[in-house]
Structure formats: structure tokens, C-alpha cells
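Examination of the molecular architecture
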Amino acid sequence: MTRTVAILGAGIGEKHLAAYLDLRDRFTVTHICDLNTELAQRLASQAGAETSASLDDVIADPAVDVVDICLPPPLHVPVTLKALAQDKHVIVEKPIAGSLRDADRLAEAEAGSKGRIFPVFQYRFGRAFEALAQLRRAGLLSRPLTASLETHWNRGGEYYANPWRGTWEHEFGGVVLSHAIHAHDLLVLAFGPVAEVSASLATRVNPIETEDCAAIAFRMKNGATATSSITLGAADDTSRLRLIYDDMTVESTRLPYTPGEATWTFQARDPNRQDEIDRIVAAIDCPHEGFAGSCAAVADALDGRTGAEVSLNDAIASIELAAAIYHSDRSGQRVTVPIDRSLPICDGFKP
Ligand SMILES: NC(=O)c1ccc[n+]([C@@H]2O[C@H](COP(=O)([O-])OP(=O)(O)OC[C@H]3O[C@@H](n4cnc5c(N)ncnc54)[C@H](O)[C@@H]3O)[C@@H](O)[C@H]2O)c1
């Protein structure tokens, strides 16, 4: 069965479009909506889609099954709510909301709609995480011990010329919410939920309101530890993960935006088990990675073949983790998760 999709926002929306075009048997892109008509036209011509500059018209169109929100962050919650009110399914870019309070509102709205929310965490989709899942199923990955994450990217004036970026009002947060949200989601995927964080944030690279450097320490619910080092002032763009389990050390490549789409190193602590690991990793078949993997998973969930690979609760957890990180930095204390929902940080991250 194919589903009709309207892409709202033609920035990262272009990458989403490429994914749908890879999955023509499952999705048909019928609308591209952007205030920038030239941009909308450029994308629409690739798909044979209509263009529009009106979000309301596109959401209300009965021919649209799925609304894919690739708009600046302040539009994520209001547009998701509008689409759910019309029983549309929603694919929504990160961050799903600018506060934990708003993220919780999305869960309430989804419960009252026939539409479902599918958050985008496309870094999860690729052969590396498929390998991790299969190694776990084969009983080869046991206790997580510790992890280190690096999100060391290079962003300057050109990036921040886009007026919504770097501001509390329009981006809601800096590297913690916008950039390292992917690495932190991958940490939770690999190690399980976070129990406690301790964070130190700084703005040292660009003249922006929000943070662009961070050092964060995590304790996971299973007792493992992890650290996340983040900057937008690196010489190049590197995302790196090292995951130490008690019988295996897993190391990513340095690919910044597609870390899961590469072959990682999976090294057994006991060299006698290496062949078994290598056989599993060599046999990985992962036809759709990144955004295409994310969209294929949405189609599978809508067809009832699987549950959602990225659930709304996963995305709410990412906002809750950001709240805990900001609260730790501001209070100078370790903060436990789940976070106390009466704290002011649950209403937004602006200091
Ligand atoms: N998953 C990822 O790896 C990833 C990567 C990049 C961006 N993003 C997220 O995607 C979202 C969009 O980011 P971007 O970089 O594409 O931003 P962008 O500014 O490049 O694109 C947003 C587009 O939305 C359009 N727009 C704004 N208001 C509109 C309105 N009212 N009606 C119609 N169109 C409107 C703009 O004209 C613009 O073309 C952000 O939340 C960002 O964090 C995610």
C-alpha cells in the first residue's frame, strides 16, 4: 500500500524527499509546502508534486495521509497538533518540542487522534545498529560498562545566518537540543535509559545566545557510565562513539551525519569469540539506511508489520534528557531522570 505525503519545509525536507523517492512503492509525495516558492518548486519537480505556501491548506487536504514536518522548531508542536486534529499521521523532525511540557502535550493529543506521531531519529538506521541488535540477540553483547561520544562539528557565520538558529526563542536550545540530540539518542539505544546527568555548557565558538560547547557525564539506569563531548568549533565534522561492553568494544567511524551507515569495529574481549562476531557483522543486510530507513520503518509501523522503531516516548525522553542537562548546568548539581516535572526547566530551556 502506498501512502500520500505532504512535506512541509524544503530545507532538510529535500533529504526526506530523496528517501520517499527511494520508497516509491510505499509513499507518494503529493505536496511540497514552503514559503519559499522557488525552493518548493525545485523539490516538487523531482516528485511530480503540487506546491503550496499554506500549511493549513495542505494539512486540510483530504488527499494527504501523512504530514512530514521539516519546519523550524517553533512550528513543530502547533503543526503537529493541527495535523492530529485532522487525524493525519505526522512525521516530525527533531526536536519534537521546545519543552518537556509541550512534548507531553503531543502525547495527549496523539492519544485522542487516529493519527500517529513518528519522530525522526534517522541516525539509528543503518548497518551498524542492525549489527548491534543482531549481536545482542545472539547473546554476544552483555553488560554495558562505559561509553564516550563525540559530536565535534564545524559551524560558523553562514550556518547562523539562518535567523532561527542560535536563539532561545526560535531554536529553543543549542548543541544539546539541536546537534548532540542524535548522539544522546544513540547512547540510549545502545545502553538503555539514563538515570542521572551532570553537565557543563558554554558558548565559546559563535556569537549566539545558546550553548555551542558541552561536557556531559551520564549514569545509565543499568549502572553504566558515559561521557559526551560536544562543540561546533572543530576543524571538521566528526561524530564518534565508543561503546564498551564487558565482552566487546564497539567503535564507530567518524562519519558526522550518517554514523550508523558504516561498518563499525566490533572487537571481542576474548579473541576466541571474534570469528563468531565477524560472521554476524559480515552477514548484515540493511537495504534502507538513514532517512530512507526511518521512512521505511514508518511504513512498516503503519502497515502493522512492526511497532514504531522510534516511538513518541523515545522523542519525549530526548527532550526530558535535554531538560535534565540544562538543569544540571544551571544548578551545578547532578540531576536524576525522570526529572521532577514541577521544575521550571520543564517549561522551556531559555535561562
Ligand atoms: N534529522 C536531522 O539530522 C536534521 C538535520 C537538519 C535539520 N533538522 C531539523 O529540521 C528542521 C528544519 O531545519 P532546516 O535546516 O531544514 O531549516 P531551514 O530553515 O533550512 O528550512 C525550513 C524551511 O521551512 C520553511 N518555512 C518556515 N516557515 C514556514 C511556514 N510558516 N510555512 C511554510 N514554510 C515555512 C522555510 O522557508 C525553510 O525553507 C529543524 O527542526 C532542524 O532541527 C534535522
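Below is a summary of the structure that appears in this document. (Residues numbered from 1 in each chain as written. Predicted model: local features only at pLDDT ≥ 70, side-chain atom pairs only at ≥ 80, totals over all residues. Heavy atoms only, no water.)

1. A look at the overall build of the protein
What the protein contains, in helices and strands, is 13 helices and 14 strands. Over its C-alpha atoms the protein spans a radius of gyration of 20 Å, differing by no more than 12% from the 20 Å that the globule rule assigns to 351 residues. For the protein, the spread of C-alpha atoms along the three principal axes comes to 60 × 45 × 40 Å. When the 351 residues of the protein are sorted by exposure, 53% land in the buried category. (Helix = DSSP H or I, 4+ residues; strand = E, 2+ residues; numbered from the N terminus. Rg over C-alpha atoms; globule rule 2.2 N^0.38 Å. Buried < 20%, exposed > 50% of the residue type's maximum accessible area, 1.4 Å probe, protein only.)

2. Notes on the nonpolar core
Ranked by size, the top nonpolar core spans 92 residues in total, and within it Leu8, Ile96, Leu243 and Phe266 carry the most contacts. At 10 residues, helix H13 (residues 312-331) tops the list of elements feeding residues into this core. Among the domains, domain 1 (3-122) and domain 2 (124-286) are the pair contributing at least three residues each to this core. (Core = buried A, V, L, I, M, F, W, Y, C linked by side-chain atoms within 4.5 Å. Domains from an automatic or database assignment.)

3. Some details on the site of the ligand
Neighbouring the ligand are 22 residues; Ile12, Asp34, Glu93, Gln122 and Trp164 lie closest to it. In the model, an oxygen atom of the ligand is placed 3.2 Å from a nitrogen or oxygen of the His76 side chain. A distance of 3.1 Å separates an oxygen atom of the ligand from a polar side-chain atom of His182. Notes on the ligand: free accessible area 840 Å², of which the protein chains cover 81%. Among the cavities detected, the one that contains the ligand is the largest pocket. Split by residue class, the shell around the ligand holds 12 nonpolar, six polar and four charged. Of the residues that make up the shell around the ligand, three or more belong to each of domain 1 (3-122) and domain 2 (124-286). (Near = heavy atom within 4 Å. Polar contact = N/O pair within 3.5 Å; in protein donor to acceptor, adjacent residues only side chain to side chain. Areas by Shrake-Rupley, 256 points an atom, 1.4 Å probe, with all protein chains shown as cover. 1 Å grid on protein atoms, 1.4 Å probe; cavity = no way out; pocket = protein on both sides within 12 Å on 5 of 7 lines; lining within 4 Å. Sits in = over half its atoms within 2 Å of the grid points. Nonpolar A, V, L, I, M, F, W, Y, C, P; charged D, E, K, R; others polar.)

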